[in-house]
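# Fold and contact review
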Amino acid sequence: MPEPTPSTTPQANHLVNQVLNSKTVPIRFSGKKMEYFKLWLVNLLLSILTLGIYSAWAKVRNTQYLYGHTQIDGHRFSFLAKPLQILIGRILAVAIFAVYAVISGLNPLLSLLCTLLLLAATPWLINASLRFNMRNTSYRNVRFSFKGSYGGAFVTFLLLPILGAITAWLAMPWVLKKIHQYLYRNISYGGRPVQLATSTSYYYKASLIALIIAVIILGAGYLFVEASNLIYQLQNGRWSLPALMPMFLAFYLITFNLVAGLFYALMFNHLTNAMKIDQIASLRARLSIPAYCWLNLSNSLLLIFTIGLAFPITQIRKNALLASATEVTLQPGIEQLINTEQDDGKAFGEEAAGVFDIDLSLT
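Since this is a predicted model, take the numbers as computed values, not measurements.

## What about the confidence of the model for the protein chain?
With 83% of its residues at a pLDDT of 70 or more, the protein chain has an overall mean of 87. Across the protein chain, the secondary-structure element scoring lowest on mean pLDDT is helix 12 (residues 348–355), at 54, and the one scoring highest is helix 11 (residues 311–324), at 98.

Written out as structure tokens, the structure is:
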């Protein structure tokens, strides 16, 4: 007699249903360079004319444009922050910064005390900034949230970088991994936490590749300068420092942007492919390293030759490339999500982080 076929378990049925009902879709970004440039320029001019007061509305309008032109499966992202709450937070942050600057200038001891207080406040500022941005980001009318703790941020952003420095930067790839884990694992969507399975060895591999490329480019640059110098001397000439400076700056610009672009592309692919929200969504990225290196270099040149006015164009170019290289697998559970976060109206931490030059980016 044939053996009876074992019955499938409810868990197995659930997994099969998830696979059968899931769908993989691209991230689409429809922002236009000149359209966003006009919006950004008008917002900039209004902010200048109103002595910075309109900058809160400008920030909301700019962010809403970028979010509103990013969609997955026909659903757009939304930025829900209110300009007035940002303005109030910004005023408070600037006022505290002014007090900090005045007190710091009175004498060295007070300056040291203020610096220590700022260091102590840094973890809170980082968490408050991320919490505000996540809580005011929504997809399918469901908000994101951030649950980082003061202790976690203190260890991650203050103690671990010190460890990286005292180990002659040998521990820095591992430190960067811990920073990414803190940032992403504390994000949740509709109450479902983001899971991130990153590999320490990959961080070291990416760092080693970036270091090798930097050495090769700088070595080639050095040989080029030496060869040019030799030819110049054979022609009874002599290099002068002003003549060398443009060459050095060009090599620095090329090296920095190519190495930074390569490392970013490697990290973007690794982080995106290691990220998922259980029973909701998983991501996959295939960002081309040459394409992103060229984007990084060309964006830098645009910013230099336009004295920063091309900034909105560089944003559109970057968002479009990253979106085109990423796809999302949506699972049926996303249809059952409900909103678990409400706007708390507190923008002070996010604005204070910007005023004190404490900024973090998730992309």
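## Considerations on the packing of helix 2 (residues 33–49) against helix 3 (residues 55–68)
Where helix 2 contacts helix 3, the axes come no closer than 9 Å and their chain directions differ by 170°. Relative to helix 3, helix 2 is oriented roughly antiparallel. Along the contact surface, helix 2 presents Glu35, Tyr36, Leu39, Trp40, Asn43 and Ser47, while helix 3 presents Ser55, Ala58, Arg61, Asn62, Tyr65 and Leu66. Tallied by class, the residues present in the contact of helix 2 with helix 3 amount to six nonpolar, four polar and two charged.

## With respect to the pattern of salt bridges
On inspection of all chains with the given rule, the structure shows four salt bridges. Across the pair Arg140 and Asp73 runs a salt bridge whose closest N-O atoms are separated by 3.2 Å. On the criterion of sequence distance, the pair formed by Arg140 in the loop between strand 4 (137–139) and strand 5 (142–146) and Asp73 in the loop between strand 2 (70–72) and strand 3 (75–79) is long-range, its members being 67 residues apart. Here Arg140 falls in the buried class, since its relative accessible area comes to 17%.

## So, the packing of helix 5 (residues 108–135) against helix 6 (residues 150–166)
Remark: helix 5 packs on helix 6, axes separated minimally by 9 Å, with the N-to-C direction vectors making an angle of 110°. In terms of their interaxial angle, helix 5 and helix 6 are classed as roughly perpendicular. For the crossing formed where helix 5 meets helix 6, the hand is right-handed. Here Leu119, Ala120, Pro123, Trp124, Ile126 and Asn127 of helix 5 lie close against helix 6, whose contacting residues are Tyr150, Ala153, Phe154, Phe157 and Leu158. Here the residues of the contact of helix 5 with helix 6 sort into 10 nonpolar, one polar and no charged.

## A closer look at the environment of Ser145
Structurally, the position occupied by Ser145 is in strand 5. At 2.4 Å, the side chain of Ser145 and the side chain of Ser188 are in polar contact.

## Here we look at the environment of Gln71
Here Gln71 is to be found in strand 2. What makes Gln71 buried here is its relative accessible area of 17%. Distance from Gln71 to Ile27, taken between C-alpha atoms, is 6.0 Å for residues 44 residues apart in sequence.

## Overview of unusual backbone geometry
A positive phi angle is found at Asn141, which is not glycine, with a value near 65°. Along the chain, the position of Asn141 falls in the loop between strand 4 and strand 5. Accessibility expressed as a relative area gives 70% for Asn141, which makes it exposed. In this structure, Gln279 is a non-glycine residue whose phi angle is positive, near 65°. Its place among the elements puts Gln279 in the loop between strand 9 (275–277) and strand 10 (281–285).

## Focus on the sheet that holds strand 4
With respect to topology, 11 strands assemble into an open sheet ordered 7-6-5-4-3-2-1-11-10-9-8, the strand pairing being antiparallel. Each edge of the open sheet carries a strand with a single partner, namely strand 7 (192–193) and strand 8 (195–196). As judged from the two bridges shared by strand 4 and strand 5, these two strands associate in the antiparallel manner. Note on strand 5: the bridge partner recorded for Ser138 is Arg143. Contacts from helix 11 reach strand 1 (23–29) and strand 11 (326–330), with the element oriented near 170° to strand 1.

The rules behind these values
Residues numbered from 1 in each chain as written. Predicted model: local features only at pLDDT ≥ 70, side-chain atom pairs only at ≥ 80, totals over all residues. Heavy atoms only, no water. pLDDT = per-residue confidence, 0-100. Helix = DSSP H or I, 4+ residues; strand = E, 2+ residues; numbered from the N terminus. Axes fitted to C-alpha atoms, helices over the stretch in contact; angles between N-to-C directions. Parallel < 35°, antiparallel > 145°, perpendicular 65-115°, else oblique. Contact = heavy atoms within 4.5 Å. Nonpolar A, V, L, I, M, F, W, Y, C, P; charged D, E, K, R; others polar. Salt bridge = Lys/Arg side-chain N within 4 Å of Asp/Glu carboxyl O. Buried < 20%, exposed > 50% of the residue type's maximum accessible area, 1.4 Å probe, protein only. Left-handed = near helix turned anticlockwise from the far one by under 90°. Polar contact = N/O pair within 3.5 Å; in protein donor to acceptor, adjacent residues only side chain to side chain. Pairing = 2+ DSSP bridges.

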